[in-house]
Amino acid sequence: MWGGRFSEPTDAFVEAFTASVFFDQRMALVDIQGSLAHAKMLHRIGILDDDELTAIEKGMAQITEEIDNGSFEWSVSLEDVHMNIESRLTQLIGDAGKKLHTGRSRNDQVATDIRLYLRQAIKQLLDQIRYFQAGLLNLAESEAETILPGFTHLQVAQPITFGHHMLAWFEMLERDHSRLADCQQRMNQLPLGAAALAGTSYPLDRHYTAKLLDFDMPCRNSLDAVSDRDFAIEFCATAAICMTHLSRMAEELVLWSSAQFNFIQLPDRYCTGSSIMPQKKNPDVPELVRGKSGRVNGHLVSLLTLMKSQPLAYNKDNQEDKEPLFDTLETLSGSLRAFGDMVPNLNVNRDAMYAAAKQGYATATDLADYLVNKGLPFRDAHEVVGNAVAFGIQQGKDLSELSLEEMQGFNNRIEADVFEVLTLEGSVNARNIVGGTAPDQVYLQVEAGRKLILD
Ligand code: ARG
C-alpha cells in the first residue's frame, strides 16, 4: 500500500506487531457502510461516475457476503480491516476500487468506524438496560409488601419493603441509561473529510456524508476529528459506573443467597455446584459479574492513560483503543444479559426476610417517632428508646414483646396504641412519603417507572 518510498519490505515480526486486523475485523460491516457513504458522496460531487459507483456497491456487496459466510481471506500484511477490504475491492473491480480512498485517510476512516460501531453497540445496551429495568419493576410490584430489614453499616437499621429495594436498583440503571444515551449523542459527529489531519483539497460534501450515515453533523475541526477518543473514554467511564452498580447488586445477591441470610434463592440454571462438596450451590454468575467490574475499571484506566499527553493529531498509539473498548462492550453486555434474565426470576423467601426484620430492633426509630408525636423532643425520645432497647437485649425480647407496663417504665406517655407502631407493617406503612418504603409508594413508583422506560 505504501511500497514506493521504502527500500526494503517490512520485517515479518514488525508486520504482525503493528497489525490490528486480528481485533479490528469486527468493524468490517461498519467500515463498508462508511465506505459506501463516502463513495456516494464522491459520486455526487463528480469524482466517481455512475459505473464506478455501481462497481463499488457490487464489490462491497460481495465482500459483505464473503465476510458473512467466512470465506473472506484476512491478511496480516494488509495490517487492518480498512486495507484488507479496500484491497479486496480493487482485486474484484479494478480501478474504481482504487478511487475510493480519494479525499480520505485511514485516520478519519478508523475514527468514523469506531463511532459507527460504538453507536450501534450502545443502542443494544440501552435496550438491555430497559429490559432489566422492566424485570425489576415486575419484581418490585409482586414484592411491594414483602418486608425485610434495611441495613446501614450492614447492621439492621429499619424495616423496608423488598419492592423498594428493587426500585433502588432501578434508579441506578436509570442513571446508567441516561449517561449512555448522553454519550451516544455527544459522539454523533462525523470525522470523514478530516482526511489525514488537515482536511482535504477535494470539495467533499461532508454534510451529505454525515446525513447518509445518520450523524448530526461533520466534526468541526479536522485535527480533533482524527485524534479524539473522548467518546471511547466516556463510554468506558459510563460502563465502569454501570458495572459498579451491577457489582453492588451482585454482592447483595451473594449475601442474600447464603444460608445465613437465606433471603433468596437464585434460579438453579444460574448456579453451579462443587466438584467436591455435594451440598454446594454457588452463586457464580453474581460473583463473576462482581469480578468483571474490575476489568472494566482497568479498561477505563487504559484508555485514559493511552490518551494522556498525546500530541495532535493521529498517533499509532490510538490503535490500542480498540481492545479495551471492545472488551468493555462485551463485558457490560454479557453482565446485563445475565442479570436481566436472572434477577427478575429470583425466588424470594418472604418468611426468612420477615423473621430477619423482627430481629435487631428495626422499629426502634418508630418508637422514637411515636414519642415525638406525644410531645417529647426527638433527642429525649432517642434516649428513652435507647434504654428500652438495652433492656430488651438484656431480656432477650423484641420491643414489641415488652409489656405495656415495662414500656411505661421508660416513659409514661406510652399507651396501648404503641404496639401498632412497633409492628413491621406499621413501620413501613408509616413511610408513605415520596421516595419512601411504604407499599403504597412502591406501587406508585412502579407505575411511574413503567412510564419512564417507555419514553
Ligand atoms: N489500524 C489503525 C488504527 O487502528 C488505522 C489507522 C492507521 N493510520 C495510520 N496513519 N497508520 O488506528
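In the block above lies the structure referred to throughout.
Predicted, not measured: the structure shown is a model, and the values here were computed from it.

Colleague: Would you mind showing me how to read the pattern of salt bridges here?
Modeller: What the rule picks out here adds up to 25 salt bridges. R290 is the salt-bridge partner of E251, the closest N and O atoms lying 2.6 Å from each other. Here E251 is found in helix α11 (residues 230-256), whereas its partner R290 is found in helix α12 (residues 284-307), with 39 residues between them in sequence. On the basis of relative accessible area, E251 is assigned to the partly exposed category, the value being 36%. Under the relative-accessibility criterion, R290 is labelled partly exposed at 29%. For the salt bridge of D417 with K374, the shortest nitrogen-to-oxygen distance reads 3.4 Å. Taken together, the positions of D417 in the loop between α17 (404-408) and α18 (418-422) and K374 in the loop between α15 (364-373) and α16 (378-395) put the pair 43 residues apart, joining distant regions of the chain.

Colleague: What am I meant to see in the environment of L246 here?
Modeller: Locating L246 in the fold gives a position in helix α11. We classify L246 as buried; its relative accessible area is 0%. L246 sits 93 residues away from F339 along the chain, and the two C-alpha atoms are 8.1 Å apart. Once residues within four sequence positions are removed from consideration, L246 is found in contact with F132, V289, S335, L336 and F339.

Colleague: Whenever I open this one, α12 confuses me. Can you help?
Modeller: Since the α-helix advances by 3.6 residues per turn, residues separated by three or four positions end up pointing in the same direction. Between its terminal C-alpha atoms α12 stretches 35 Å, which fits the 34 Å expected from 24 residues at 1.5 Å a residue. On its buried face, α12 is in contact with α10 (222-227), α11 and α13 (322-342). S309 occupies a position one or two residues after α12 and carries a positive phi of about 70°.

Colleague: Teacher, can you tell me more about unusual backbone geometry here?
Modeller: Residues apart from glycine generally show negative phi values, whereas peptide bonds are mostly found in trans. Geometrically, the link from L312 to A313 is a cis peptide bond, its omega value of -5° lying close to zero. Relative to the helices and strands, A313 is located in the loop between α12 and α13. Unlike most non-glycine residues, D214 shows phi in positive territory, near 65°. Among the structural elements, D214 can be located in the loop between α9 (206-212) and β4 (217-218). With a phi angle near 70°, S309 is a residue other than glycine that sits in the positive phi range. In this fold, S309 is placed in the loop between α12 and α13.

Colleague: How should I be thinking about the site of the ligand in this particular structure?
Modeller: Within the structure, the ligand sits among S20, D80, H82, R106, N107, V110, Y314, Q319 and K322. Between the ligand and D80 there is a distance of 3.0 Å, counted from a nitrogen atom to a side-chain nitrogen or oxygen. One of the side-chain nitrogen or oxygen atoms of N107 is found 2.9 Å away from a nitrogen atom of the ligand. Within the complex, 86% of the 350 Å² of free accessible area of the ligand lies under protein.

Colleague: Any chance you could explain the side chain of D228 here in plain terms?
Modeller: Examined against the element boundaries, D228 turns out to sit in the loop between α10 and α11. In terms of polar contacts, D228 uses its side chain to reach the side chain of R115, at 3.2 Å.

Colleague: I'm lost on the packing of aromatic side chains in this one. Help?
Modeller: Centre-to-centre distance and the angle between the planes together describe a pair of aromatic rings. If you walk through the whole model with that rule in mind, you get 9 aromatic pairs. Measuring from ring centre to ring centre gives 6.4 Å for F132 and F339, while their planes differ by 80°; the resulting arrangement is edge-to-face. Here F132, found in helix α7 (residues 106-142), pairs with F339, found in helix α13; they are 207 residues apart in sequence, far enough to count as distant. Of the two residues examined, F132 and F339, each falls in the buried class. In textbook terms, an aromatic cluster arises when at least three aromatic residues are bridged by ring pairs, as seen for F151, F261 and F263. The lysine or arginine in question, R44, covers the ring of Y208, its NZ or CZ lying 4.0 Å from the ring centre. We note R119 situated over the ring of F215; from NZ or CZ to the ring centre the distance is 4.7 Å.

Colleague: Is there a simple way to think about the packing of helix α4 (residues 50-68) against helix α5 (residues 81-93) in this case?
Modeller: Helix-helix packing is described using two parameters, namely the angle between the two axes and the distance between the axes. At their nearest, the axes of α4 and α5 sit 9 Å apart, and the two run at 120° to each other. Taken together, the axes of α4 and α5 lie oblique to each other. In terms of crossing hand, the pair formed by α4 and α5 is right-handed. Of the residues in α5, those in contact with A55, I56, G59, M60, Q62, I63, E66 and I67 of α4 are I85, R88, L89, L92 and I93. Its residues assigned to classes, the contact of α4 with α5 comprises 9 nonpolar, 2 polar and 2 charged.

What counts, and where the lines are drawn
Residues numbered from 1 in each chain as written. Predicted model: local features only at pLDDT ≥ 70, side-chain atom pairs only at ≥ 80, totals over all residues. Heavy atoms only, no water. Salt bridge = Lys/Arg side-chain N within 4 Å of Asp/Glu carboxyl O. Helix = DSSP H or I, 4+ residues; strand = E, 2+ residues; numbered from the N terminus. Buried < 20%, exposed > 50% of the residue type's maximum accessible area, 1.4 Å probe, protein only. Contact = heavy atoms within 4.5 Å. Expected span 1.5 Å × (residues − 1). Near = heavy atom within 4 Å. Polar contact = N/O pair within 3.5 Å; in protein donor to acceptor, adjacent residues only side chain to side chain. Areas by Shrake-Rupley, 256 points an atom, 1.4 Å probe, with all protein chains shown as cover. Phe/Tyr/Trp six-rings, centres within 6.5 Å; stacked < 30°, edge-to-face > 60°. Lys NZ or Arg CZ within 6 Å of the ring centre and 35° of its normal. Axes fitted to C-alpha atoms, helices over the stretch in contact; angles between N-to-C directions. Parallel < 35°, antiparallel > 145°, perpendicular 65-115°, else oblique. Left-handed = near helix turned anticlockwise from the far one by under 90°. Nonpolar A, V, L, I, M, F, W, Y, C, P; charged D, E, K, R; others polar.

So far we have only geometry, and geometry alone does not tell us how the molecule works.
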